[in-house]
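Spelled out, the chains give:
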Amino acid sequence: MLSSTFHDGRLISITAVDDNLTLEILAQDKTTKIKMSGLEKLRVTEFKEGNIISTLRVICPEDSSSKESTGKSLLKYAYELDEATLEHSEKFKSFLTNKLREHEKGSILILELEPSYGAYLVAIARTITEEIFSI
């Protein structure tokens, strides 16, 4: 879904306005803007000067028979839902189940940025586009 993993690229900026997210990345002698619209949730930790990307990927729905899919794990992370909360709250358990269904149907996308250094990011949104600019 993305043109590259952006390995060893630099995360230059993160912009969130209303329900739109833009990530600006410098990699392989070009600047790429990844835009997500219908942004529902964004969680970023450790944003620093000089953020280096290990992997940037859109998570595809996995086999629902697995106990803890990557999608489920990232949804729990983004919405800050731990096992104790889910165990004691039907409301949050139902919320997570509904989000997993939306993801499996393709109604929502999960973007994960794993760093070599700096920012770890998980975004939940409806659509994603990519613009590439040569330097």
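Values in this document were obtained by computation on a predicted structure and should not be read as measured data. (Residues numbered from 1 in each chain as written. Predicted model: local features only at pLDDT ≥ 70, side-chain atom pairs only at ≥ 80, totals over all residues. Heavy atoms only, no water.)

**Details of the overall build of the protein chain**
So, point 1. The helix and strand inventory of the protein chain stands at 3 helices and 8 strands.
So, point 2. Scaling as 2.2 N^0.38, a compact globule of 135 residues should have a C-alpha radius of gyration of about 14 Å, and the protein chain matches this with 15 Å.
So, point 3. Overall, the protein chain is about 50 × 30 × 25 Å in size when its C-alpha atoms are taken along their principal axes.
So, point 4. For the protein chain, the proportion of its 135 residues judged to be buried stands at 36%.
So, point 5. The long-range share in the protein chain, meaning contacts at least 24 apart out of those at least 6 apart in sequence, stands at 65%.
So, point 6. Here the protein chain displays about 7,600 Å² of accessible surface, and carbon together with sulfur accounts for 48% of that area.
So, point 7. Here the protein chain carries 17 positive and 22 negative side-chain charges, and the mean point of each set is 3 Å from the other. (Helix = DSSP H or I, 4+ residues; strand = E, 2+ residues; numbered from the N terminus. Rg over C-alpha atoms; globule rule 2.2 N^0.38 Å. Buried < 20%, exposed > 50% of the residue type's maximum accessible area, 1.4 Å probe, protein only. Contact = heavy atoms within 4.5 Å. Areas by Shrake-Rupley, 256 points an atom, 1.4 Å probe, with all protein chains shown as cover. Lys, Arg positive; Asp, Glu negative; His and termini not counted. Charge placed at Lys NZ, Arg CZ, Asp CG, Glu CD.)

**Some points on the pattern of salt bridges**
So, point 1. What the rule picks out here adds up to 10 salt bridges.
So, point 2. The salt bridge partner of Glu-131 is Lys-35, with a shortest N-O separation of 2.8 Å. Highlighted residues: Glu-131 in strand 8 (residues 127–134) and Lys-35 in strand 3 (residues 30–37), separated in sequence by 96 residues.
So, point 3. With a closest N to O distance of 3.5 Å, Lys-93 and Glu-90 form a salt bridge. One end of the pair is Lys-93 and the other is Glu-90, both in helix 3 (residues 90–105) and 3 residues apart, which spans about a single turn.
So, point 4. For Lys-93, a relative accessible area of 36% translates into the label partly exposed. (Salt bridge = Lys/Arg side-chain N within 4 Å of Asp/Glu carboxyl O.)

**Examining the side chain of Ser-4**
So, point 1. Of note, Ser-4 is situated in the segment before strand 1 (10–17).
So, point 2. Engagement of the side chain of Ser-4 in a polar contact is seen with the backbone nitrogen of Phe-6, the distance being 2.8 Å. (Polar contact = N/O pair within 3.5 Å; in protein donor to acceptor, adjacent residues only side chain to side chain.)

These figures capture arrangement, not role.
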